[in-house]
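Listed below, chain by chain, are the residues.
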Amino acid sequence: MRLQAAAIALVVAGGVAMFIMSLSSFDSLYQTRERYYRDHGFADVFAGLKRAPVAVADRIRDLPGVDRVDHRVVAYVSVDIEGFDEPVSAHLVSLPVDSTGDLNRLYLRRGRLLAPGADDEVLLSQEFAAAHGLDPGDTLNATINGRREKLTVVGHALSPEYIYQIAPGAVFPDYRRYGVMWMARKPLATAYDLDGAFNHLAIQLMRGARPEALIERLDEMLGRYGGSGAIARADQLSHRFLTEDLKQQRTIATVFPLIFFSVAAFLLNVVVSRMIGLEREQIAALRAFGYGRLAIGWHYSVLVQVIVLTGSALGIAAGVWMGKGISRIFQSFYSFPYLHYVLEPGVVVAAVLIASAAGLAGTLYAVQGAARLPPAQAMRPAPPARYRPTLVERLGLGRLLSQPARIVLRQIERRPLRSALGLLGIAMACGVMMIGDFQESAIDRMIAVQYGLSQREDLLVTYVDPAPARSLHSLAALPGVLHAEGFRQVPVKLSHGHRSYRTAVQGIAPASTLLRLIDTDLQPIELPGEGVVMTDWLAGLLRISPGDLLRIEVLELDRPVIEVPLVGLSRQYMGVNAYMRQDALNRVLGEGRVVSGALLRIDADHANAINATLKDVPRIAGVVERQAAIRAFYDTLAESVLFFTMIATLLGASIAFGVVYNSLRIALSERSRELASLRVLGFTRGEVGQILLGELGVLTLLGIPLGFAVGFGLCAFLAFRFNTDLYRIPLVLGPGVYAFAALVVLVSFIVSGLMIWHSLGRLDMVAVLKSKE
Amino acid sequence: MASTRVAGPAGEAGDVVFHVHGVTKIYRMGEVSVRALRGVDLDLYRGEFMVLLGASGSGKSTLLNILGGLDTPTEGEVRYAGRDLGGADERELTLYRRHHVGFVFQFYNLIPSLTALENVAIVTEIAAEPMKPEAALDLVGLGERRHHFPAQLSGGEQQRVAIARAIAKQPAVLLCDEPTGALDSKTGIMVLEALDRVNAELGTTTVVITHNVDIARMANRVVRLTDGRVAEVHRNETRTPPSDLHW
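Here the structure is a predicted model, which means the values were calculated and not measured. (Residues numbered from 1 in each chain as written. Chains lettered and ligands numbered in written order. Predicted model: local features only at pLDDT ≥ 70, side-chain atom pairs only at ≥ 80, totals over all residues.)

### Examining the overall build of chain A
- A tally of regular secondary structure across chain A gives 21 helices and 22 strands.
- Summarising its shape, the C-alpha atoms of chain A cover approximately 100 × 55 × 50 Å along the three principal directions.
- Split into buried and exposed, the 773 residues of chain A put 48% on the buried side.
- In chain A, once contacts between residues fewer than 6 apart in sequence are set aside, the share between residues at least 24 apart is 83%. (Helix = DSSP H or I, 4+ residues; strand = E, 2+ residues; numbered from the N terminus. Buried ≥ 20, exposed ≤ 12 C-beta atoms within 10 Å, placed from the backbone. Contact = placed C-beta atoms within 7 Å.)

Encoded structure:
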């Protein structure tokens, strides 16, 4: 009984641990973020524009609902760090001297703030600085509007605006190649000819004010200043990534503990039923002595609660450990000045209450049955079990079965509910384990499709300002550049019916080989001369189908509005974009052949030389090296994937072991007489073992394929719940995912079997001859 | 190791199936030692029907368990067909039970999930020279009820299935521990008739343990154990048919 109780406690612990892990990491992340936002004045509305005089900001300050306005100069610059040859780009943000800023205030981790009059000083985002080992006092070179400046690092900082720091167009952080830097307003404004002007706004609203109306006003006001559309906090990139992650934590917190608690309830039911079966006569005696049903029910409930509470205690400890682990992983993706691990007492209480309730639910039925029997009836032994030929035999296949096989199958059929639940338990264990590995294969697929099939350039070069297409010639002429294509990109608002979405339209060179659109069957799509192709996910958001007219409001330049047909859908796992032919987009914008940047395919041997050259080209704002970004992403991800796989495996194995071991123990207890009789008749320990393990073996073998289905379903559910505008999780489960889950289930079975094998050796053959069941 | 079947009761001159000499069995229960057998000497002959009588605690079950390879003596010698059972390991004893011994228990010990026929077949499947399970059931008069599960059979019927199961492998020796202990006298006599018939028709050496003195009248020889020793060996000059027994 001790080991059985331990196995059940383990499953309870799994559920409690999952619950605590998910909710505590959710709480930790949520509360840390809220506190960080509040203490550091994270803005409610953001707006980018070309150039507006400071007086415009003052007018905006007077708009209804506006509390504070922070106008800034921001720019993307390319950075040159000694000893690092690959392209590095940075988002440069202006900051008042000797201040952490007005809104989105910095958290200074190291060093000092910008000194008055020191035009060459920068603060680096902590992660960026750490990735390059740049300490206060170190220097780096940045190409600011075409001029190479030597900048001195004075400190490391964090900002609520950049909790998730990714380069434009990227999905994953890569701190070696992209970072945020803050420098004094004056030199930055001078470099971009923005003295007395600004190109970015952060706005804090008054309490209770809603951002929608303000955004509309801002778009009207800023249009003539080159506004590219204001966004609410909800659409701010860093905030959105974080919010999606929080949502995922909540999903995990609801689904997984449910599985564990159901399995625990089932196990407790089986074990307590057996115990009551063995103690039937004692229960009857107690009832005869005048103990009420309640008192007897209480007796068993106390026992169950001891198991549940032991499991809960273990689960709380494991949950805290796992919660801290997850929080640590969050810190590798997100930039927080602190991450306070929060374990709300309510979470612990809820976990224990739910576990107790599941335990009681599992026991109640069994206890009820025992306490309901009239004492006189209960004192007699239970009537012999009734069996009948199994379905297999009724179908006429009985001849194929040996007698031990019959015993196994009839045993399974006699208790269909118990067998079904056992089967389901094993299937759940198998399914849970598939989730760990699923993440990895899903990410592999995302990368393979996105970067293997669709975005195939080696370097993505972004210009500071759109430039004539002939600028590509100079790029193409660089030694080692094999192929260069331009692209045009403008911010837009897309609408269909009453639905709209802000994104960018990308103009692709005709017959582009570096940016290929692929359809849902992963076949390349030829972009026609007219019309728009968009990401399938975006079409879903807009409820638009190919053939429908799409309204495009360009949010830049003269803000033209056009209506064009949607001509196709493209499969993309990241981002939500719309695509047109570059020449068509140029026509819409009323411009000549103009590009926003270039896609390059290069000879890897020349990469360093090309990067070095590009760094010094003034009109280039940034260069993204695709493969390097992917590698960096995998490095960051490795730890988290490992952690999740480990947790999923531990939890799955604990369910599998809990179900198999308990079922075997119960079977041994219920059937020891039968098995000992067979031993007396000359059956070897192995043959008897086969009969005992056969039932669970069959359930395990059936449970594994069912588990594959359950795992597929769980992964599909997660993929569905985790789908966002930012990325979609493809439902890809490689053979390895299935094989690993099956393997762990089988190992759990074998370990349980070995433990039972030992007990089989101790079957008392002499005692069964003398005892009546 | 199949033995030659000899019909009819065997005399003292017949082959010795079991040779028991100086067998002592001591159980240690915590700090107390219980001497269940204290130097038993006994020979069993081929085809013999022997009844072991004795009060509770006289050691008769212990002796039967040792003969059946379920237990080993602490001291002394037990030979089955010339082979030493005392020194056999677990595997050898399992094979010995499997091929040479048929057991009938007081509480039948049938497999509840198997029908009468299947309960017999489970043994014949692993036996070396079994008879057909149907034939074994016919022998105990249960051919008609072969497809019934134990829960659908009366106690006497279940015990007869147990006998069919024990004899279906054509064992050299049939060991029965209180086979009628859980049955009323009418049913008990039916069971004894089945045992008698098996002994007569197959020539199986049969040992029946009982504390019921009446049953002793159907044996060739009656051995009475008292306090772990053979107190008396009695040979019935004429065997009483089971149908003439009553208690």
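Once you've had a look at it, read on.
### Examining the overall build of chain B
- When helices and strands are tallied, chain B shows six helices and ten strands.
- Its C-alpha atoms give chain B principal-axis dimensions of roughly 50 × 40 × 40 Å.
- Residues classed as buried in chain B amount to 52% of the 247 residues present.
- Look at the contacts in chain B between residues 6 or more apart in sequence, and 72% of them connect residues 24 or more apart.

### What about the sheet that holds strand S1 (residues 16–29) of chain B?
All names here are of chain B.
- A sheet is described by the order of its strands in space; here four strands give the open sequence S2-S1-S4-S5, paired in antiparallel fashion. Looking at strand neighbours, the two that pair on one side only are strand S2 (32–45) and strand S5 (83–84), the edges of this open sheet.
- Bridging between strand S4 (residues 75–80) and S5 involves two bridges; their strand directions are antiparallel. Paired with Tyr80 across the two strands is Arg83, which belongs to S5. (Pairing = 2+ DSSP bridges.)

### So, the sheet that holds strand S2 (residues 66–72) of chain A
Residue and element names in this part refer to chain A.
- Spatial strand order, S2-S10-S1-S11: four strands in an open sheet with antiparallel pairing. The open sheet has two edge strands with one neighbour each: S2 and strand S11 (230–232). Adjacent strand axes in the sheet meet at a mean angle of 25°, parallel and antiparallel pairs treated alike.
- On the sheet, helix H2 (residues 54–61) packs against strand S1 (45–53), S2 and strand S10 (197–205) and is oriented at approximately 165° with respect to S2.
- Sitting on the sheet, helix H5 (residues 211–222) touches S1, S2, S10 and S11, and the angle it makes with S1 is about 15°. (Axes fitted to C-alpha atoms, helices over the stretch in contact; angles between N-to-C directions.)

### Topic: the interface of chain A and chain B
- Contact with chain A, which involves 23 residues of that partner, is made by 25 residues of chain B.
- Sorting the residues of the side of chain A that touches chain B by element identifies helix H12 (403–414), helix H18 (626–680) and helix H21 (765–770) of chain A as the ones contributing at least two each.
- Per element, the largest residue contribution to the side of chain A that touches chain B is five residues, and it comes from H12(A).
- Of the residues assigned to the side of chain A that touches chain B, the class counts are eleven nonpolar, six polar and six charged. (Nonpolar A, V, L, I, M, F, W, Y, C, P; charged D, E, K, R; others polar.)

### A look at the confidence of the model for chain B
All names here are of chain B.
- Overall, the prediction assigns chain B a mean pLDDT of 87, with 94% of residues at 70 or greater.
- Scored below 50 in pLDDT, residues 1–13 shows 23 contacts in the model against residues more than four places distant or in partner chains.
- For this predicted complex, the interface confidence reaches an ipTM of 0.88, while the overall pTM sits at 0.79. (pLDDT = per-residue confidence, 0-100.)

### Description of unusual backbone geometry
Residue and element names in this part refer to chain B.
- If you check the backbone angles, Ala81 has positive phi at about 45° while not being a glycine.
- Of note, Ala81 is situated in the loop between S4 and S5.
- One non-glycine residue, Tyr108, lies in positive phi territory at about 65°.
- Relative to the assigned elements, Tyr108 resides in the loop between strand S6 (101–104) and helix H3 (116–124).
- Given 24 C-beta atoms within a 10 Å radius, Tyr108 is considered buried.

### Comments concerning the packing of H3(B) against helix H5 (residues 155–167) of chain B
Residue and element names in this part refer to chain B.
- Where H3 meets H5, the closest approach of the two axes is 8 Å, and the angle between their N-to-C directions is 25°. Accordingly, the angle class assigned to the pair H3 and H5 is roughly parallel. In this structure, H3 crosses over H5, and the sense of that crossing is right-handed. Taking contact as the criterion, the partners of Ala116, Asn119, Val120 and Val123 in H3 are, on H5, Val161, Ala164 and Arg165.
- Considering only residue class, the contact of H3 with H5 consists of five nonpolar, one polar and one charged. (Parallel < 35°, antiparallel > 145°, perpendicular 65-115°, else oblique. Left-handed = near helix turned anticlockwise from the far one by under 90°.)

### Focus: the UniProt feature "domain: ABC transporter" (unreviewed entry) in chain B
- As recorded in UniProt, the feature "domain: ABC transporter" (unreviewed entry) lies at residues 18–246 of chain B.
- Between the first and last C-alpha atoms of residues 18–246 of chain B the distance is 30 Å; the span itself is 29% helix and 29% strand. (UniProt positions renumbered as here; feature names shortened; annotations may be inferred.)

### Digging into the nonpolar core
- Core analysis: the largest hydrophobic core is formed by 310 residues, its most contacted members being Ala264(A), Cys430(A), Ile163(B) and Ala164(B).
- Ranked by residue count, the leading element in this core is H18(A), at 20 residues.
- The contacts of Cys430(A), once residues within four sequence positions are left out, are Gly652(A), Gly703(A), Ile704(A), Gly707(A), Phe708(A), Val710(A), Gly711(A), Ala741(A), Ala742(A) and Val745(A). (Core = buried A, V, L, I, M, F, W, Y, C linked by C-beta atoms within 7 Å.)

### A word on the environment of Glu75(B)
All names here are of chain B.
- Secondary-structure assignment places Glu75 in strand S4.
- Taking C-alpha positions, Glu75 is 9.2 Å from Arg38, a pair spaced 37 residues apart along the chain.
- Setting aside residues no more than four positions away along its own chain, Glu75 makes contact with Gly22 and Thr24.

### Things to note about the pairing of strand S13 (residues 481–496) of chain A
Residue and element names in this part refer to chain A.
- When S13 meets strand S21 (residues 594–602), the two strands line up antiparallel, connected through six bridges. Its bridge partner lying in S21, Glu485 is registered against Leu599.
- Pairing analysis gives ten bridges linking S13 to strand S14 (residues 499–508), with the strands arranged antiparallel. If you follow Gln489 over to S14, its bridge partner there is Gln506.
- The turn linking S13 back onto S14 is made up of two residues, and Gly497 within it adopts a positive phi angle of 60°.
- Both S13 and strand S18 (residues 549–554) contribute to a ladder of four bridges, which runs antiparallel. Bridged to Val492 within S18 is Val554.

### Overview of the packing of H12(A) against helix H19 (residues 685–722) of chain A
All names here are of chain A.
- It is the contact of H12 with H19, at a shortest axis distance of 9 Å, that shows an interaxial angle of 40°. Taken together, the axis directions place H12 and H19 in an arrangement best described as oblique. Like other packed secondary-structure pairs, H12 and H19 cross with a definite hand, here right-handed. Taking contact as the criterion, the partners of Pro404, Ile407, Val408, Gln411 and Ile412 in H12 are, on H19, Glu687, Gln690, Ile691, Gly694, Glu695, Val698 and Leu699.
- When the residues that make up the contact of H12 with H19 are grouped by side-chain class, the tally is seven nonpolar, three polar and two charged.

### Let's talk about the environment of Ala405(A)
- If you trace the backbone, Ala405(A) turns up in helix H12.
- Considered as a pair, Ala405(A) and Ile691(A) are 286 residues apart in the sequence and their alpha carbons are 7.4 Å apart.

### Considerations on the confidence of the model for chain A
- Chain-level statistics for chain A give a pLDDT mean of 87 and a share of 98% at 70 or above.
- Here helix H10 (residues 375–379) of chain A stands out as the element of chain A with the lowest mean pLDDT, 70, in contrast to strand S6 (residues 121–125) of chain A, whose mean of 96 is the highest.

### Side note on the environment of Arg250(A)
Residues and elements named next belong to chain A.
- Within the element layout of this structure, Arg250 appears in helix H6 (residues 237–278).
- Classification of Arg250 by C-beta neighbours within 10 Å gives partly exposed; the count is 15.
- With 228 residues separating them along the chain, Arg250 and Ser22 place their C-alpha atoms 6.8 Å apart.

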